[in-house]
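Commentary on secondary and tertiary structure
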Amino acid sequence: MEKRNLSANITVCDYNELNLTEKNLVDAAKAASLKAYAPYSKFQVGAAALLSDGQIVAGNNQENAAYPSGLCAERTTLFYANATFPETSVTTMAIAAFTNGDFTDDPVTPCGSCRQVLLETQFRYGQPIRLILYGKKAVFIVEKSADLLPLAFNPDALKPL
């Protein structure tokens, strides 16, 4: 039997330590969260993606009374970016959450489905997607979204034997 240790490198900083581009991306994610449709959970999440050509696109969570029919902010944003700008890669994504009248103190992380879509987008464009996870008390920076899903399902599993 063999044991393996999996780890992720995450930088923890304050919003004020971000550069102007990173702040603009976080601000776009925060603004998107305020427009989320979350009448059931009251947990509004916004995501903003920086594209390789410098554009920023944003999205938010969209809930539905038939719960599995809703969609997270990260996937809304990535699917929009990939559908509208299919030749342009996503280089960085910022995520912010708003609930109970304020932004969360701690950063929120993508759910498992969103992590898988982030990873697939990395595979699609052959480059990592950097994540900036906003919280009022701390900001987490993950250099590549694959760090959040170390044992991911990947396209190699679909190749014929």
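Below is a short write-up of the structure. Predicted model, so just to flag it, every value in this text is computed and none were measured. (Residues numbered from 1 in each chain as written. Predicted model: local features only at pLDDT ≥ 70, side-chain atom pairs only at ≥ 80, totals over all residues. Heavy atoms only, no water.)

**Topic: helix α1 (residues 20–33)**
Note on helix geometry: an α-helix contains 3.6 residues per turn, so any two residues three or four positions apart are oriented the same way. Test applied: Strands are runs of DSSP state E lasting at least 2 residues, helices are runs of H or I lasting at least 4, and numbering of each runs from the N terminus. Here a helix's expected span is defined as the number of its residues, less one, multiplied by 1.5 Å. Relative accessibility under 20% of the residue-type maximum defines a buried residue, over 50% an exposed one, and the middle range a partly exposed one, all with a 1.4 Å probe and only protein chains included. Should any heavy atoms of two residues lie within 4.5 Å, those residues are counted as being in contact. N or O atoms within 3.5 Å of each other form a polar contact, as long as, within protein, one can give a hydrogen and the other can take it, and as long as residues adjacent in sequence are counted only when both atoms are side-chain atoms.
Between its first and last C-alpha atoms α1 spans 20 Å; for 14 residues at 1.5 Å apiece the expected length is 20 Å, and the two agree. Within α1, the full set of buried residues consists of Glu22, Leu25, Val26, Ala28, Ala29, Lys30, Ala32 and Ser33. Turning to α1, the residues buried within the fold contact β2 (43–51), β3 (56–60), β4 (90–99), β5 (102–103) and β6 (130–134). The backbone nitrogen of threonine 21 lies 3.0 Å from a side-chain oxygen of the residue at the head of α1, namely asparagine 19.

**Looking at the nonpolar core**
As a reminder of what qualifies: Throughout, nonpolar core names a set of buried Ala, Val, Leu, Ile, Met, Phe, Trp, Tyr and Cys residues whose side chains join them through atoms within 4.5 Å.
Ranked by size, the top nonpolar core spans 20 residues in total, and within it Leu78, Val90, Met93, Ile95, Leu118, Ile129 and Leu131 carry the most contacts. Elements with a contribution of two residues or more to this core: β2, α2 (73–84), β4, α3 (112–125) and β6. Here leucine 118 is in contact with Leu78, Met93, Pro110, Ile129, Leu131 and Ser145, once residues within four sequence places are set aside. If you look at the next biggest cluster of nonpolar residues, it comprises 16 residues, including Leu18, Ala29, Phe103 and Tyr134.

**Digging into α3**
Look at α3: 20 Å from first C-alpha to last across 14 residues, which is about the 20 Å you get at 1.5 Å a residue. All of the buried residues along α3 are Cys114, Arg115, Val117, Leu118, Leu119, Thr121, Gln122 and Tyr125. The inward-facing, buried residues of α3 contact α2, β4 and β6. Positioned one or two residues after α3, glycine 126 has a phi angle of 65 degrees, which is positive.

**Description of the side chain of serine 33**
Position of serine 33 relative to the elements: it lies in helix α1. Given the relative accessible area of 0%, serine 33 is considered buried. In contact with serine 33, not counting residues within four places along its chain, are Gln44, Val45, Gly46, Ala96, Phe98 and Phe103.

**Here we look at a nonpolar patch on the surface**
Definition in use: For patch building, the residue pool is restricted to those with more than 30% relative accessible area and no salt bridge; the joining distance is 9 Å between like charges and 5 Å between nonpolar side chains (Val, Leu, Ile, Met, Phe, Trp, Tyr). The accessible surface values rely on the Shrake-Rupley method and a 1.4 Å probe; as for residues, cover is taken only from the protein chains in view. Salt bridge criterion: a side-chain nitrogen from Lys or Arg within 4 Å of a carboxyl oxygen from Asp or Glu.
A cluster of nonpolar side chains, contributed by Tyr37, Tyr40 and Tyr67, occupies part of the molecular surface with about 370 Å² of accessible area. The residue tyrosine 37 is located in the loop between α1 and β2 in this model.

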